Amino acid sequence: MKILQNSAEPIYKQIYAQLRGDILSGRLKSGEALPSIRGLAKDLKISVITTMKAYEELAAEGLVVSAQGKGYFVSALDPRLIAEQHQRRIEESLTETIRCAKMAGITLEEVRSTLDALWNLET
Amino acid sequence: MNKAVDIVGLKKEYKDFTMDVTATVPKGFATALIGANGAGKTTLIDSLCGVNAVSSGTAVFFEKDSIDNSERLERIGYCSSGNFFPLNWKLKTIAECMAIGFDGFDRERFDTLCTEWGLGSSKDKKQKSLMKMSDGNRVRAALAAVFARETDLLVLDEPASPLDPLARDRLCDMFRSYLLEKDGERSILFSTHNIADMESVTDYAIFMADGKVIEQGFVEDLKNKYVLVHTDAGDSEKAKPLLLTYTSSDTGLEGLALSENSSVLEAVGAILERPTLQQLSVGVLRKAENNEK
């Protein structure tokens, strides 16, 4: 896990985002245990409460569950729920793209060709 | 929340100073005691550890109704600021006295820690007395003695102050390892002025001013409760009524406000950011100082 100590993004949000990505992409499988709160705090050289806050955010979204005294585990996720989460993120970022394009007076055609170019760069 | 120490109305009266504290030290976390010089941090620590006799109030340890003095001494690792051991002592004297004083003292561990800190070992033939050591090394020796014991709660008065930046980083690692070793069962209470250096190991903060607790909470919650505010000179007058404290200059001002006022502050042109613990502490303590005046 990579954490920026001096980023404007709070550290707990960085941890949350990385674990969320790992869970939704399936790199962390359902039932798998997350590192212990104090173990991860030690590894990342951050406070216990920061790690805990990240795990609590994941739990609030239903991505992980806490078992009293045993730590946090990845929830048994419904594949449809995961697909929906992905779809939602894509829609969010595309909405932002459209907003930017309209503000700058860029046409749909131009956005499409940018998307095509970037898509090919990534693969 | 489980409590390592539950302090209710703990009072200590001196001629010109009264400490009156109600606060919680959560179990499983590191708690920082923050306050200006003379705020009563050391008075509180000494009262908790039985160095001071208190006038009234209670401090419940480990959620037990009563704790006898020998159990308290055994389970709490206390270290005062300044000279914890007599200055004519050597590492050997410390090791021998700690072994007599505490069942849970591990001499091997003490030697390992002393060697890691570069102090040598309590078994070395030639040993310096504490008197001939630097302030930093005296604190290292005292910390090694405390960390070599089997305890459930550390109470440390300004452990970081005399340490260099590398040693402070090491102290933070030792805190995290201590908390991890008995996952969730151990707790730390430490006072500090080196907030920025200790932020990465501070879970809960208790702020004191003039003998009282003026704010306390988990650091992530406090950082959400308060917001750091920046404005240009032109917008500063409109923002001022909403600020708890601020410092201003010709170019504008910087201050601390409650997050619940964020939208109003943004509407008058202020830029907001999440405070660091250091920035938050300065704001909270400055507000207390202004109130006293």
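Here, the structure is the one placed above.
Scoring rules and cut-offs
- Residues numbered from 1 in each chain as written.
- Chains lettered and ligands numbered in written order.
- Predicted model: local features only at pLDDT ≥ 70, side-chain atom pairs only at ≥ 80, totals over all residues.
- Heavy atoms only, no water.
- Pairing = 2+ DSSP bridges.
- Helix = DSSP H or I, 4+ residues; strand = E, 2+ residues; numbered from the N terminus.
- Axes fitted to C-alpha atoms, helices over the stretch in contact; angles between N-to-C directions.
- Contact = heavy atoms within 4.5 Å.
- 1 Å grid on protein atoms, 1.4 Å probe; cavity = no way out; pocket = protein on both sides within 12 Å on 5 of 7 lines; lining within 4 Å.
- Points joined across faces, edges and corners; volume = space filled by probe spheres on them.
- Nonpolar A, V, L, I, M, F, W, Y, C, P; charged D, E, K, R; others polar.

*Asks:* How would you sum up the sheet that holds strand β2 (residues 18–26) of chain B? Please name residues and give values.
*Replies:* Note on sheets: strands pair through backbone hydrogen bonds, and any given pair is parallel or antiparallel. Residues and elements named next belong to chain B. If you walk across this open sheet you meet the three strands as β2-β1-β4, and the pairing is antiparallel. One side of each edge strand has no neighbouring strand; the edge strands of this open sheet are β2 and β4 (56–61). Across the sheet, the mean angle from the axis of one strand to that of its neighbour is 10 degrees, orientation sign disregarded. One ladder, built from eight bridges, connects strand β1 (residues 3–13) with β2; its direction is antiparallel. Looking at β2, one finds that V5 is bridged to V25. Most of the contacts of helix α1 (residues 41–48) go to β1, to which it runs at about 115 degrees, and overall it touches β1, β2 and β4.

*Asks:* Lay out the layout of surface pockets with the relevant residues and their values.
*Replies:* By volume, the largest pocket amounts to about 670 Å³. Around the largest pocket, the lining comprises 22 residues; the ones closest to its centre are I37, R38, M52, Q68 and G69 of chain A. For the lining of the largest pocket, the secondary structure elements donating two or more residues are α2 (37–44), α3 (48–60), β1 (64–67) and β2 (71–74) of chain A. Its residues assigned to classes, the lining of the largest pocket comprises eight nonpolar, eight polar and six charged. Approximately 550 Å³ is the volume attributed to the second largest pocket. Around the second largest pocket, the lining is made up of 23 residues, and of these Q5 and I11 of chain A together with E199, K223 and T276 of chain B lie nearest the centre.

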